[in-house]
Amino acid sequence: MAQPRAQYRSLLATYLKPQGRRVTALAGLLLGSIALQLINPQILRAFIDAVTNPHPSGPLTGIALLFIALAIGQQALSVAATYVGERVAWTATNNLRTDLTLHCLRLDLSFHKARTPGELIERIDGDVTAMANFFSQFVIQILGSLVLLLGVLVVLWTIDWRVGLALTVFALITLVLMMSMRAIAVPFWKASRQASADLFGFIEERLNGVVDIRANGAEAYTMRQLYTYLRERLRTARRARLVSSLPWGVPNMAFALGQGLAFALGAMLFSSGDTSLGTAFVIYYYTQLIFQPLNLISNQLDDFQKASAGIVRVQELFDTQSSLADGPGVPVPDGPLAVEFDQVEFGYEGDAAVVHDLSFRVAPGEVLGLLGRTGSGKTTLTRLLLRLYDPTAGAIRLGGVDLRDAHRADLRRHIGVVTQDVQLFAASVRDNLALFDTRIDDARILAALAELGLGEWARKLPEGLDTPLAAGGGGLSAGEAQLLAFTRVFLKDPGLVILDEASSRVDPATERLIERAVGKLLQNRTGIIIAHRLGTVERAGTILILDEGRIAEHGPRVALATDSGSRFAGLLRTGAAEVLV
């Protein structure tokens with residue numbers, strides 16, 4: 001248990017320390033509420049004794065009003081404590097979600113390939129939501145309940161030592177039983193959280209492929225799989241709930257026994273003349289009050305068992321480290337960058353090598369046309385250049401710097417990529433182009449749009465650069481989306497531009513506009529054009545053809561085109577675009 005306790009302390013210190021004032025205010029409100037709970041029964045005793053006295057003295061109305069005022073004050077403190085507690089919980093959990101999201105974004109691609117986005121959403125949001133009470137009130141409520149319990153027992157000892165002793169022993173036995181059962185449900189709640197993550201991962205994946213599912217008549221199969229995941233979620237949640245009900249049942253049983261004990265002690269003392277009726281009632285009242293902190297502790301422990309499962313899973317996520325260690329920070333130079341592959345070999349995890357002994361060099365400012373069938377390794381080269389993976393052998397250098405020696409953020413700042421599938425966000429045009437970088441001003445964005453042929457389009461935007469775009473680019477044509485992607489890269493001003501068949505999904509008129517944009521983008525920059533159509537590589541100075549991860553042909557485009565024996569010349573003669581896909 002030492003390691004989980006260390007995790008709990010670490011999370012509390014990390015996410016509650018910045019909210020020190022709120023946590024202190026929350027503690028003060030809860031302790032104030034506890035103090036009023038201890039005082040009010042004494043006022044009630046005075047009222048009962050005064051009423052039952054044959055010769056009452058003192059203003060009964062004043063006592064009653066004081067009791068009501070303190071009761072209202074206690075409720076006001078409870079409401080304020082709830083409000084402050086929610087503020088603390090939401091601030092802490094939102095900060096934790098932010099840290100988890102950033103951590104996942106920094107993990108390498110192999111991590112994301114092994115998990116669906118739906119599973120990660122459930123890990124980042126669902127598990128953290130289960131921890132809200134842990135951050136807001138767990139420690140304070142547990143400590144406050146123990147303080148209230150101790151205060152009640154002290155008061156009972158002052159009333160009569162026999163009552164104090166009996167109820168102290170009773171409360172200690174109940175508390176020990178509850179604490180001994182506190183971790184019993186943690187593994188069951190952990191399994192329940194994992195079942196939820198699997199369910200959400202399945203739903204996200206199927207919704208993402210709804211067109212293919214409906215087109216191929218796979219609805220029945222999908223629903224059958226959904227029922228399987230739902231059944232597993234029900235099974236694990238039901239088991240977790242049943243097991244976690246065991247600690248909850250202990251205080252309920254103790255409550256019934258405690259009431260009987262309080263009645264017996266009160267009746268014994270009253271019948272012997274040792275106490276007044278008001279005191280006998282207060283003994284019963286305080287006995288009930290004992291079970292309020294015990295019930296609260298029980299409920300907190302029940303919530304804590306759910307939170308513990310979330311804490312374990314969150315910590316597992318934090319403990320997952322990228323297999324790609326960041327480099328020491330050798331700076332990548334500005335301007336057009338040389339690209340060099342030196343005997344590079346690479347294979348995805350658990351798979352055979354997909355790139356074999358790859359060696360070539362692209363000079364600064366040169367444009368390389370990269371051809372090859374699907375599966376020949378073209379996209380893998382892009383991933384290696386962005387350092388989403390490291391080669392298993394050999395080295396890749398950008399601007400003379402080994403990729404493993406540069407900071408990844410600096411490396412990716414010098415590389416711009418445009419693919420067939422443009423990712424647009426539910427945000428303004430400005431944020432989609434600048435990618436939320438506030439350092440890029442509007443004048444620069446508008447100038448880039450004009451230079452790439454989107455000036456007229458920008459002028460027609462109803463709200464200018466503040467015009468919102470739908471997620472995925474709803475309302476935009478494929479050509480407009482591609483041109484926005486070019487604008488992004490243009491604003492980034494990288495030294496290396498990679499175009500992965502960026503004009504394959506547009507009409508001829510839009511393709512001419514994109515070709516103009518490509519020309520602008522490649523000016524004074526190194527370029528790699530990954531092509532499935534031969535016309536795309538007409539602006540390339542050098543051609544490299546891959547075949548099953550090996551270089552099948554490499555040389556100047558003009559020389560290869562005029563060499564009747566070259567593969568490239570053969571492709572040009574047959575116009576065999578289908579060979580490349």
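Throughout what follows, the structure given in this document is the object of discussion. These figures come from a predicted structure and were not determined experimentally. (Residues numbered from 1 in each chain as written. Predicted model: local features only at pLDDT ≥ 70, side-chain atom pairs only at ≥ 80, totals over all residues. Heavy atoms only, no water.)

## A few points about the overall build of the protein chain
Alright, step 1. Scanning the protein chain for helices and strands turns up 20 helices and twelve strands.
Alright, step 2. Once local pairs closer than 6 in sequence are excluded, the contacts in the protein chain between residues at least 24 apart make up 78%. (Helix = DSSP H or I, 4+ residues; strand = E, 2+ residues; numbered from the N terminus. Contact = heavy atoms within 4.5 Å.)

## Some remarks on a nonpolar patch on the surface
Alright, step 1. A cluster of nonpolar residues, Trp157, Trp161, Leu165, Val169, Ile173 and Leu177, forms a patch on the protein surface that exposes about 600 Å² of accessible area.
Alright, step 2. With five residues, helix α7 (residues 161–180) is the largest single contributor of residues to the nonpolar patch.
Alright, step 3. With respect to the helices, strands and loops of the structure, tryptophan 157 is situated in helix α6 (residues 132–159). (Patch = residues over 30% accessible without salt bridge, like charges linked within 9 Å, V, L, I, M, F, W, Y side chains within 5 Å. Areas by Shrake-Rupley, 256 points an atom, 1.4 Å probe, with all protein chains shown as cover. Salt bridge = Lys/Arg side-chain N within 4 Å of Asp/Glu carboxyl O.)

## So, the nonpolar core
Alright, step 1. Grouped together as the largest cluster of nonpolar side chains are 53 residues, with contacts concentrated most on Leu96, Phe134, Phe135, Leu156, Tyr286 and Ile290.
Alright, step 2. Put simply, the parts of the chain that give this core at least two residues each are α1 (2–16), α2 (20–52), α3 (60–106), α5 (117–129), α6, α7 and α11 (277–319).
Alright, step 3. Here this core takes 14 residues from α11, the largest share from any one element.
Alright, step 4. When near neighbours in sequence (up to four residues on either side) are disregarded, isoleucine 290 contacts Leu149, Val152, Leu153, Leu156, Leu167 and Ala171.
Alright, step 5. The next biggest cluster of nonpolar side chains, apart from the first, holds 45 residues, and it includes Ala434, Ile445, Leu484 and Leu571. (Core = buried A, V, L, I, M, F, W, Y, C linked by side-chain atoms within 4.5 Å. Buried < 20%, exposed > 50% of the residue type's maximum accessible area, 1.4 Å probe, protein only.)

## Concerning the packing of aromatic side chains
Alright, step 1. Taken as a whole and judged by the stated rule, the model has six aromatic pairs.
Alright, step 2. The interplanar angle of 15 degrees and the centroid separation of 4.7 Å between the aromatic rings of phenylalanine 341 and phenylalanine 360 together place this pair among those described as stacked. With phenylalanine 341 in strand β1 (residues 339–347) and phenylalanine 360 in strand β2 (residues 353–362), this residue pair connects regions lying 19 residues apart in the sequence. Taken individually, phenylalanine 341 and phenylalanine 360 each receive the classification buried, so the pair is uniform in this respect.
Alright, step 3. Joined through ring pairs, the aromatic side chains of Phe346, Tyr348 and Tyr389 make up one cluster. (Phe/Tyr/Trp six-rings, centres within 6.5 Å; stacked < 30°, edge-to-face > 60°.)

All quantities given are derived from atomic positions and should not be read as evidence of function.
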